[in-house]
Amino acid sequence: MPIWDLPLRLFHWLLALAVTGAVVTGWLGGNLMVWHGRLGALILGLIAFRLVWGVLGTPTARFHHFVRGPAAIRAYLAGRWHGIGHNPLGALSVVAMLLVIGLQALSGHFARDDIAFNGPLVSLIGNAASDRITRLHRLGADLVLILVALHVTAIAYYRRVRKQDLIGPMLTGGRQGIDPAADRRRGGGIVALVFALAVASITVWAFQGGWITPSADAVADPAFDW
Ligand code: HEM
Ligand code: HEM
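Residues numbered from 1 in each chain as written. Chains lettered and ligands numbered in written order. Predicted model: local features only at pLDDT ≥ 70, side-chain atom pairs only at ≥ 80, totals over all residues.

Caption draft 1: Geometry of the overall build of the protein chain. Broken down by element type, the protein chain carries 11 helices and zero strands. Mapped in sequence order, the helices and strands of the protein chain form the string α-α-α-α-α-α-α-α-α-α-α. Taken along its principal axes, the extent of the C-alpha atoms in the protein chain is 60 × 40 × 30 Å. Burial status across the protein chain gives 27% buried among its 226 residues. Of the contacts formed within the protein chain by residues at least 6 apart in sequence, a portion of 69% connects residues at least 24 apart. (Helix = DSSP H or I, 4+ residues; strand = E, 2+ residues; numbered from the N terminus. Buried ≥ 20, exposed ≤ 12 C-beta atoms within 10 Å, placed from the backbone. Contact = placed C-beta atoms within 7 Å.)

So this is what it looks like as C-alpha cells:
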C-alpha cells in the first residue's frame, strides 16, 4: 500500500496549484478577481475534504497518526523516530498550513476589494466588518506565502542535505509494505471518499451564499452595495 493514498496526493497537488493561482490572481486583481473567488472556493472545498480525510483516510493520512506532542518531536530531533508519513516536526508545518490556508479561504468569502468584487458572504456582515476582515485577509496572504516558502525550503533541504526524497512518494504514493487487505480495513475506502467529497461539496455550496435572500438594494446592483 502507498505511503500517501491517491486522494491525498490529488488533494496536495490541486491545493498547491490553487493556492499559487489564488495568490497570483489576488495580486493582479481586476477582472481576475472572479477567478480568485473560484480558486478560493476550490481551496475551501479541498481543506474541508482534508479535514474529513484526516479522520477517515488511510493510516498515514490521519491526524492522530502524525499530530504528536513535544516528546515525539524531541525523539525525532534526537534521531530516535523511524516512522512513516509526516515526521513529528514536519507535522507542525502541515497543521499550520492547513489551518492558515483554511482561515484564508474562509476570510476571503467575507472580503471585498475597493473596486467591484465582493466575497459571496459580505452581505451577511456588512461593509464595515467586511473591510476589517479584508485587512486580515491581506495579512493572511503574507502568512500563507511564508509557510509555503518554509515548506518548499524544508523539502529541498531533505533532498539536498539529508538525501531523502519526499517528493517521489507525494507523486507516486511510495511503498510502505503493509499488507493491502489489512490496510483497507483501516480506512480510506470508497464510502469514506464519497462522504469526504460530499462534505467538501456542501461546504463550497454553503459558502457561495446561494441560500441568502437578496435584499432589494443588492438585487439592484450586487457589486456596488456601499
Ligand atoms: C502553494 C504550494 C504548496 C502548498 C500549499 C503545499 C501544501 C502542503 C500540505 C498542506 C501538505 C501536507 C499534506 C497533508 O495534508 O497531509 C504538504 C505536504 C508535502 N508537500 Fe506540499 N505544498 C505546496 C507545494 C509543494 C511543492 C512545490 C512541493 C515539491 C517541491 C511539495 C512537496 C510536498 C511533499 C513532499 C509533502 C509531504 C511531506 C512529508 O513527507 O511529510 N509541496 N504540502
Ligand atoms: C487560500 C485562499 C486565498 C488566498 C491565498 C488569497 C490570497 C489573496 C491575496 C494574495 C490577495 C492580495 C492582497 C493584497 O493586495 O495585498 C487577496 C485579496 C483579496 N481576496 Fe483573496 N485569497 C484567498 C481566498 C479568497 C476568497 C475565497 C475570496 C472570496 C471569494 C477572496 C477575496 C479577496 C478579495 C475581495 C481581495 C481584495 C482585497 C483588497 O482589495 O485589498 N480571497 N487574496
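There's plenty left to go through after this.
Caption draft 2: Examining the site of ligand 2 more closely. In the region of ligand 2, 27 residues are neighbours, and Gly-26, Gly-40, Gly-108, Asp-113 and Ala-141 sit closest. Classifying every residue of the shell around ligand 2 gives 13 nonpolar, 10 polar and four charged. (Near = placed C-beta within 6 Å. Nonpolar A, V, L, I, M, F, W, Y, C, P; charged D, E, K, R; others polar.)

Caption draft 3: Representation of unusual backbone geometry in the model. A positive phi angle, close to 55 degrees, is found at Lys-163, a residue other than glycine. Assignment of secondary structure puts Lys-163 in the loop between helix H7 (127–160) and helix H8 (167–172). Taking the C-beta count within 10 Å as the criterion, Lys-163 has 7 such neighbours and is therefore assigned exposed.

Caption draft 4: Representation of the environment of Gly-26. By secondary structure assignment, the location of Gly-26 is in helix H1 (residues 6–28). Accessibility expressed as a C-beta count within 10 Å gives 22 for Gly-26, which makes it buried. Taking the C-alpha atoms as reference points, Gly-26 and Ala-41, separated by 15 residues in sequence, lie 13 Å from one another.

Caption draft 5: Geometry of the site of ligand 1. Taken together, 19 residues lie around ligand 1, and Ala-16, Val-19, His-86, Leu-166 and Met-170 are the ones closest in. Here the element with the most residues in the shell around ligand 1 is H1; it accounts for six residues. Per-class residue counts for the shell around ligand 1 are 13 nonpolar, five polar and one charged.

Caption draft 6: Examining the environment of Pro-88 more closely. Structurally, the position occupied by Pro-88 is in the loop between helix H4 (70–77) and helix H5 (90–108). Residues Pro-88 and Leu-77, spaced 11 residues apart in sequence, show a C-alpha to C-alpha distance of 9.2 Å. Ignoring sequence-local partners within four residues, the contact set of Pro-88 consists of Arg-68, Ala-72, Ile-73, Tyr-76 and Trp-81.

Caption draft 7: Representation of the packing of H5 against H7 within the structure. Two elements in contact, H5 and H7, have axes separated by 9 Å at closest approach and are oriented at 150 degrees. In terms of orientation, H5 lies roughly antiparallel with respect to H7. Our pair here, H5 against H7, has a crossing hand that is left-handed. For the pair H5 and H7, contact is made by Gly-90, Ser-93, Ala-96, Met-97, Val-100, Ile-101, Leu-103, Gln-104, Ser-107 and Gly-108 and by Ile-133, Leu-136, His-137, Gly-140, Ala-141, Leu-143, Val-144, Leu-147, Leu-150, His-151 and Ala-154, respectively. Across the contact of H5 with H7, the residue classes break down as 13 nonpolar, eight polar and no charged. (Axes fitted to C-alpha atoms, helices over the stretch in contact; angles between N-to-C directions. Parallel < 35°, antiparallel > 145°, perpendicular 65-115°, else oblique. Left-handed = near helix turned anticlockwise from the far one by under 90°.)

Caption draft 8: H1, seen in detail. Here H1 is 23 residues long and its end C-alpha atoms lie 33 Å apart, about the 33 Å a rise of 1.5 Å per residue gives. Every buried residue of H1 is listed here: Leu-8, Phe-11, Ala-18, Val-19, Ala-22, Thr-25 and Gly-26. Buried residues in H1 make contact with helix H2 (33–56), H5 and H7. Following H1 by one or two positions, Gly-29 has its phi on the positive side, about 65 degrees. (Expected span 1.5 Å × (residues − 1).)

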